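Now for the letters of each chain:
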Amino acid sequence: MHFINFGFNFVVMVRSVIPAIRKLILATVIILAVSVSYCFKVKWDEPDWLAWTNKCLAQSYDDSGDEKLKKIELFVTADFFVRMRKTYTKGNQVYYSFNLHQFNDMDYLGTTTNGTLQLKTMADDIIFQTYNDRHGDIDTMTTVLNIPVKNMEPERLDSLREALNYFKTKGL
């Protein structure tokens, strides 16, 4: 009879420990899963930044104030150039281009609904050209590129600034 009590107490003791062991195993699995997920945190690389920057610029460009505009091309190239070409209905074009290694700062004038994004360089590093202009073609340099934009939330501006600075430092 003494053996039966010992066996019964042992079984009762093991049954009372099993829920605690299950909780411990579950907590360990959760901690391991969280630890592993932080180890593989996704970091954006150059193609991701490039795609996002071009998507942001394309979606944000505001052509509503320029009714004679036929086509706009605004993008960052794989070799870190910002290029903007405006083509108007009468065939004249305005072209801006600069290397992001020359990028100095970015300002925003306006509201979240619409405004002007100003991309600045330290010196006259932005190429400005006109073609087929009735006042004559211009080929000069400037320090500020003004881009009319819409729907620019502060977070989006911060992210765009981060992307442009990423490209500025890339390859230096």
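Further up the page is the structure itself.
Summary of the structure given here. (Residues numbered from 1 in each chain as written. Predicted model: local features only at pLDDT ≥ 70, side-chain atom pairs only at ≥ 80, totals over all residues. Heavy atoms only, no water.)

What follows concerns the environment of arginine 156. The residue arginine 156 is located in helix H3 (residues 154–169) in this model. Considered as a pair, arginine 156 and cysteine 56 are 100 residues apart in the sequence and their alpha carbons are 8.1 Å apart. In terms of polar contacts, arginine 156 uses its side chain to reach the side chain of glutamine 59, at 2.9 Å. Within the local environment of arginine 156, its side chain forms a polar contact with the side chain of serine 60, the two groups lying 3.4 Å apart. (Helix = DSSP H or I, 4+ residues; strand = E, 2+ residues; numbered from the N terminus. Polar contact = N/O pair within 3.5 Å; in protein donor to acceptor, adjacent residues only side chain to side chain.)

Moving on, we come to the nonpolar core. Ranked by size, the top nonpolar core spans 31 residues in total, and within it Leu100, Leu117, Leu119, Leu145 and Ile147 carry the most contacts. Element by element, the count of residues in this core is highest for H3, at five residues. Non-local contacts of isoleucine 147, meaning those with residues more than four positions away in its chain, are made with Tyr61, Leu74, Met84, Gly115, Thr116, Leu117 and Leu119. (Core = buried A, V, L, I, M, F, W, Y, C linked by side-chain atoms within 4.5 Å. Buried < 20%, exposed > 50% of the residue type's maximum accessible area, 1.4 Å probe, protein only. Contact = heavy atoms within 4.5 Å.)

Scanning the entire structure with this criterion turns up four salt bridges. We note a salt bridge from glutamate 46 to lysine 170, for which the minimum N-O separation is 3.9 Å. With glutamate 46 in helix H2 (residues 46–60) and lysine 170 in the segment after H3, this pair connects stretches of sequence that are 124 residues apart. Exposure remark for lysine 170: the relative accessible area of 30% places this residue in the partly exposed category. We note a salt bridge from arginine 161 to aspartate 105, for which the minimum N-O separation is 3.0 Å. Of the two residues, arginine 161 is situated in helix H3 and aspartate 105 in strand S4 (residues 103–110); the sequence distance between them amounts to 56 residues. Relative accessible area serves as the criterion here: at 31%, arginine 161 is assigned to the partly exposed category. (Salt bridge = Lys/Arg side-chain N within 4 Å of Asp/Glu carboxyl O.)

Helix length check: H3 (16 residues) gives 23 Å between terminal C-alpha atoms against 22 Å at 1.5 Å per residue, within 8%. When we look at burial in H3, the residues that qualify are Leu157, Ser159, Leu160, Ala163, Leu164 and Phe167. Down the axis of H3, the smallest arc covering the buried residues is 165°, so these residues share one side. Along H3, exposed side chains directed more than 90 degrees from the buried face belong to Glu155, Asp158 and Thr169. The secondary structure elements touched by the buried residues of H3 are H2, strand S1 (69–76), S4 and strand S5 (114–121). (Expected span 1.5 Å × (residues − 1). Arc of directions from axis to C-beta.)

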